[in-house]
Amino acid sequence: QVQLVESGGGLVQAGGSLSLSCAASGRTFSGYSMGWFRQTPGKEREFVAGISWTSGRTFYADSVKGRFTISRDNVENTVSLQMNSLKPEDTAVYYCAATTAYIGITNVRAYDTWGQGTQVTVSS
């Protein structure tokens, strides 16, 4: 029932920053934990960052800890991913996702609602 739309992707040089946004329509984010995932051609979709609805706790993949920050605005129904110190290996299509599960927030299989993705390209 909820639809997710990502925005903010683009081309940036290594060491630069981008901020991704995910907006919900159809219904609010209330009751949903949210996550960001990324995928490159020929590879599996991998977890990047997540934020819990019940506790507000945040979770990050080891590869992005200290560089990326996930946040949510429950009034505006948006989720953001601030990406700093970007590396070429961060290049991927980034997806916003929602889940009602209380466990497994870092697991791609826990999510049942996905956005269409936004391309992030980091040049050397």
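Anything mentioned here points back to the structure above.
Residues numbered from 1 in each chain as written. Predicted model: local features only at pLDDT ≥ 70, side-chain atom pairs only at ≥ 80, totals over all residues. Heavy atoms only, no water.

Caption draft 1: Representation of unusual backbone geometry. Backbone geometry places N77, a non-glycine residue, at a positive phi of 60°. Of note, N77 is situated in the loop between strand 7 (68-73) and strand 8 (78-83). On the basis of relative accessible area, N77 is assigned to the buried category, the value being 14%. Residue S85 is not a glycine yet carries a positive backbone phi of 50°. Within the secondary structure layout, S85 lies in the loop between strand 8 and strand 9 (92-99). (Helix = DSSP H or I, 4+ residues; strand = E, 2+ residues; numbered from the N terminus. Buried < 20%, exposed > 50% of the residue type's maximum accessible area, 1.4 Å probe, protein only.)

Caption draft 2: Structural detail: the nonpolar core. In this structure, L4, M34, W36, L81 and Y94 are the most contacted members of the largest nonpolar core, which totals 34 residues. Looking at this core, the elements with two or more residues in it are strand 3 (18-25), strand 4 (33-39), strand 5 (46-51), strand 7, strand 8, strand 9 and strand 11 (118-123). Other than its neighbours up to four places away in sequence, L81 contacts L18, S19, L20, W36, V48, A49, F68, T69, I70 and Y94. (Core = buried A, V, L, I, M, F, W, Y, C linked by side-chain atoms within 4.5 Å. Contact = heavy atoms within 4.5 Å.)

Caption draft 3: Region of the structure containing the sheet that holds strand 1 (residues 3-7). Read across the sheet, 4 strands follow the order 1-3-8-7 without closing on themselves; strand pairing throughout is antiparallel. Looking along the sheet, the strands with just one partner apiece sit at the ends: strand 1 and strand 7. For this sheet, the mean inter-axis angle between neighbouring strands, taken without regard to orientation, is 15°. (Pairing = 2+ DSSP bridges. Axes fitted to C-alpha atoms, helices over the stretch in contact; angles between N-to-C directions.)

Caption draft 4: Layout of the environment of A101. Relative to the helices and strands, A101 is located in the loop between strand 9 and strand 10 (113-114). Measuring from C-alpha to C-alpha, the distance between A101 and Q82 comes to 24 Å, with 19 residues separating the pair along the chain. Setting aside chain neighbours within four positions, we find A101 in contact with S33 and A110.

Caption draft 5: Spotlight on the pairing of strand 4. Of all 7 residues in strand 4, 6 are buried; the element is thus mostly enclosed. Taken together, the 7 bridges between strand 4 and strand 9 define a ladder with antiparallel strand orientation. Residue pairing for strand 9: G35 is matched across the bridge by A97. Judged from the 5 bridges that link them, strand 4 and strand 5 form a sheet pairing that is antiparallel.

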